[in-house]
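Residue-level structure breakdown
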Amino acid sequence: MKFRCIISLAFASALLFSCGKDSRIDVPNGPKPISFSAGVSTITKAIKPDDPTVLLTVGNRVSIFATREYNDVPEQVFSNLALHCDAVPNPSTPSNPLSSAWSYSPVAYWKDNGDYYFSGVFPYSSDKVSVDNTYSLKVSYSAGDNTDVMVARTHQDAAVSKDPVNLTFKHATSAVRFLFGKSSSSDSDQYTLTSFQLENIIGVGEFSMATRVTGSPTITSSNWSTGSSYTTLFEWEADQIEDRKAITHPSDADDPDGYTQMGWYYMVPQSLSTEAAVRFSVSYNGGAPVETVLNFYGATDHTSESGIAWAPNQVYNYFITLNQSGLDLTVQAIPWDEVQVTTDDFNFE
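What counts, and at which threshold
- The residue count restarts for each chain, going from 1 along the sequence in the order it is written.
- Thresholds applied to this predicted model are a pLDDT of at least 70 for local features of residues and 80 or more for the giving and counting of side-chain atom pairs; totals over whole chains, interfaces and linings are not thresholded and use all residues.
- Processing note: side-chain calculations cover all non-hydrogen atoms of the structure and skip hydrogens and water entirely.
- For the purposes of this entry, the term helix denotes a DSSP run of H or I that reaches at least four residues, the term strand denotes a run of E that reaches at least two, and both are numbered from the N terminus.
- Here's how the labels work: a residue is buried when its accessible area is under 20% of the maximum for its type, exposed when over 50%, partly exposed in between, all with a 1.4 Å probe on protein chains only.
- Note on contacts: a residue pair is in contact if any heavy atoms of the two residues lie within 4.5 Å.
- All accessibility values rest on the Shrake-Rupley procedure with a 1.4 Å probe; residue burial counts only the protein chains present in the view.
- Definition of a polar contact: a pair of N or O atoms within 3.5 Å, with one able to donate and the other able to accept a hydrogen when the atoms are protein atoms, and with sequence-neighbouring residues admitted only if both atoms are side-chain atoms.
- Definition of nonpolar core: a set of buried residues of the types Ala, Val, Leu, Ile, Met, Phe, Trp, Tyr and Cys, connected through side-chain atoms within 4.5 Å.
- Pairing of aromatic rings covers Phe, Tyr and Trp, the last through its six-membered ring, and needs centres within 6.5 Å; plane angles under 30 degrees mean stacked, over 60 mean edge-to-face, and all others mean tilted.
- What makes a salt bridge here is a side-chain nitrogen of Lys or Arg within 4 Å of a carboxyl oxygen of Asp or Glu, nothing more.
- At least two bridges found by DSSP between two strands is the condition for calling them paired.
- Only the stretch in contact is used when a helix axis is fitted, and all axes are lines through C-alpha atoms; the angle between N-to-C directions ranges over 0 to 180 degrees.
- Confidence of the predictor at the level of single residues is captured by pLDDT, which takes values from 0 to 100.
- Here, patches come from residues exposed beyond 30% relative accessible area and free of salt bridges, joined within 9 Å for like charges and within 5 Å for nonpolar side chains (Val, Leu, Ile, Met, Phe, Trp, Tyr).
- Residues counted as positive are Lys and Arg, residues counted as negative are Asp and Glu, and His and the chain ends are not counted.
- Charge coordinates come from a single atom per side chain, which is NZ of Lys, CZ of Arg, CG of Asp or CD of Glu.

1. With respect to the overall build of the chain
Assigned secondary structure in the chain consists of zero helices and 21 strands. Put simply, the chain has 349 residues, and 50% of those count as buried. Contacts spanning at least 24 positions in sequence make up 73% of the contacts within the chain whose residues lie at least 6 apart. Element-wise, carbon and sulfur atoms account for 47% of the exposed surface of the chain, whose accessible area totals about 15,900 Å².

2. Notes on the side chain of Ser136
Mapped onto the elements, Ser136 comes out in strand β6 (residues 136–142). Of the polar contacts made by the side chain of Ser136, one reaches the side chain of Thr134; its length is 3.2 Å. Not counting residues up to four positions away in its chain, the partners in contact with Ser136 are Ser130, Val131, Ser208, Met209, Ala210 and Thr211.

3. Remarks on the nonpolar core
The nonpolar side chains of a soluble globular protein tend to be buried with one another. Phe178, Leu198, Met267, Phe296 and Tyr318 are the most contacted members of the largest nonpolar core, which has 52 residues in total. Apart from residues lying up to four places away in sequence, Phe178 is in contact with Phe196, Leu198, Thr260, Gln261, Met262, Val278, Phe296, Tyr318 and Ile320. Judged by nonpolar contacts, the second largest core, of 26 residues, contains Phe36, Leu56, Ala158 and Phe169.

4. Details of the packing of aromatic side chains
In this structure the tally under the stated criterion is 18 aromatic pairs. On the basis of an interplanar angle of 15° and a centroid distance of 4.8 Å, the ring pair of Phe178 and Tyr318 is categorised as stacked. With a gap of 140 residues between them, Phe178 in strand β9 (residues 174–182) and Tyr318 in strand β20 (residues 314–323) connect regions that are remote in the sequence. Both residues of the pair, Phe178 and Tyr318, belong to the buried class. A ring pair is formed by Phe180 and Phe196, whose centres lie 6.3 Å apart and whose planes are at 85°; its orientation type is edge-to-face.

5. Brief notes about the pattern of salt bridges
Side chains carrying opposite charge are able to pair once their charged atoms draw close together. Evaluated as defined, the whole model comprises six salt bridges. Between Arg212 and Glu69 there is a salt bridge; the shortest N-O distance is 1.7 Å. In this pair, Arg212 sits in the loop between β11 (204–210) and β12 (224–226) while Glu69 sits in strand β1 (residues 61–70), placing the two residues 143 residues apart along the sequence. Residue Glu69 is classed as buried on the basis of its relative accessible area, which comes to 16%. The shortest N-O distance in the salt bridge between Glu291 and Arg279 comes to 2.8 Å. Placement of the pair is Glu291 in strand β18 (residues 290–295) and Arg279 in strand β17 (residues 277–284), with a sequence separation of 12 residues. In this structure Arg279 comes out as partly exposed when scored by relative accessible area, which is 25%. Each of Arg68, Glu75 and Lys111 takes part in one network of salt bridges that share partners.

6. Remarks on the sheet that holds β9
Strand order in the open sheet formed by four strands is β15-β9-β20-β21, and the pairing between neighbours is mixed. A single partner strand is all that each edge strand has here, and the edge strands are β15 (260–267) and β21 (326–335). The mean inter-strand angle of the sheet, taken between neighbouring strand axes irrespective of direction, is 15°. Sheet analysis places β9 next to β15, joined by six bridges and oriented antiparallel. Across the sheet, Ala175 pairs through a bridge with Tyr266, a residue of β15.

7. Examining the confidence of the model for the chain
Mean pLDDT for the chain: 84, with 84% of residues reaching 70 or above. Residue range residues 1–27 is modelled with pLDDT below 50. Its contacts to residues more than four positions away, or to other chains, number 108 contacts. Considering only residues more than four positions removed or in separate chains, one finds that residues 338–349, a stretch of pLDDT under 50, has 44 contacts.

8. Observations regarding a negative patch on the surface
Where like charges cluster on the molecular surface, the negative patch consists of Glu237, Asp239, Glu242 and Asp243. The topology assignment puts Glu237 in strand β13 (residues 230–237). Overall, Glu237 belongs to the exposed group, its relative accessible area being 58%.

9. Some remarks on unusual backbone geometry
Residue Pro89 is bonded to the preceding Val88 through a cis peptide linkage, with omega at -5°. By the element assignment, Pro89 lies in the loop between β2 (73–87) and β3 (101–103). With an omega of 0°, the peptide bond running from Ser105 to Pro106 counts as cis. Looking at the secondary structure, you find Pro106 in the loop between β3 and β4 (115–122). One non-glycine residue with positive phi stands out, namely Phe234, at about 55°. Checked against the element boundaries, Phe234 lands in strand β13. When its relative accessible area of 18% is taken as the criterion, Phe234 is described as buried.

Written out as C-alpha cells, the structure reads:
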C-alpha cells in the first residue's frame, strides 16, 4: 500500500439568510424584525465536494431554532422554523450567481434585550430534526439518503445588536468517495467498472449539539452516536455493456479529475469496522468481470487515525489504481473546514 501526504486545504462556505416581509411595517422607532443574510463561496480544485446548488437552489429549506433568555428565564422564539430559498441569484445582486434571497413566515421581532441563541440545520426536516428539553439539537441521519447535512449555531445579545443574524454552517457528516484509475496509458489496456458497493458500514446515527452556547460549534466525533449494526450501502451494477464505466489513466496521480469517480457519499462519522470494504468488479479488454473485495480499514495517509475512522467535517478520497498484477490504494484525508464569508446584509426595505 502506498503512502501519500497532502497539505490540508480549507474553503469558505457560509450560509446566511434574509427574512421576508409581513403586513407589519418596520419603522425606525418600532420593533425590528429578526433577519438574516446570505452568501456562499466555492473552491476550484475537485478535492472536496463543490456544488453551491446543494444549498443555493430555489425551493430549498433550512430548519431554524432560537431561544431567548432574559433574567435566567428561557423563551422559545423559533422551533423548527422553515427558511425558504426564494431566488438565486438575489434580485438585488443579479451579477452575483452565489447570492440568494430567503424568507420565512410569520416574521418574529427582536425584543429590546435578552440573549438570543440561534441554531440551524440544512436541509429542513419536519421529523428528523428537533431540540429536546435540555436544549440539545438532535438530527437523525441515514447515510443511504446521501445528504450533505450542515449545522450552525450563534448567539446575539439584543441589547447590543439587532443586526441580521449570521449563521455559519459546518458539515456534520463525512464526505467519502472512491476513484478508479489505471496505471497504463496504453489504449491496449482497457478497464471498465461493472459493479460497486460498500460493505460493513454503519449506516445510521444521531447528531447532537448544545444550542445555548455563545460560540460557533466545533464539530467532532463526540457529537455523534451510532449503533453497532453494519450494512451494505450504495450498490451499483451496470445493466448493459454500454452502462459500464471506462476507467481512465490519470496523467497526474494527485488530481482526482483524472480518475473515474464513484461518489460523493455523505456518511455517518464512525469508527470503521475491521471488515469495512469496497466490493467492485472490473472487466479487462471486454472480458468477463472479475470481482475484488478491497478492505480499506487501516489505509492511512498523513494521520494514522484517518485509516480507522471517518470523522465529521472531513473528506476522504480513496484512489484505487489498477494494473495487470493487481492494484494500489492511496488515501487523501483532509479537513472540510469552513470560514466566515463577509457579505452584504439583506434587510427589510
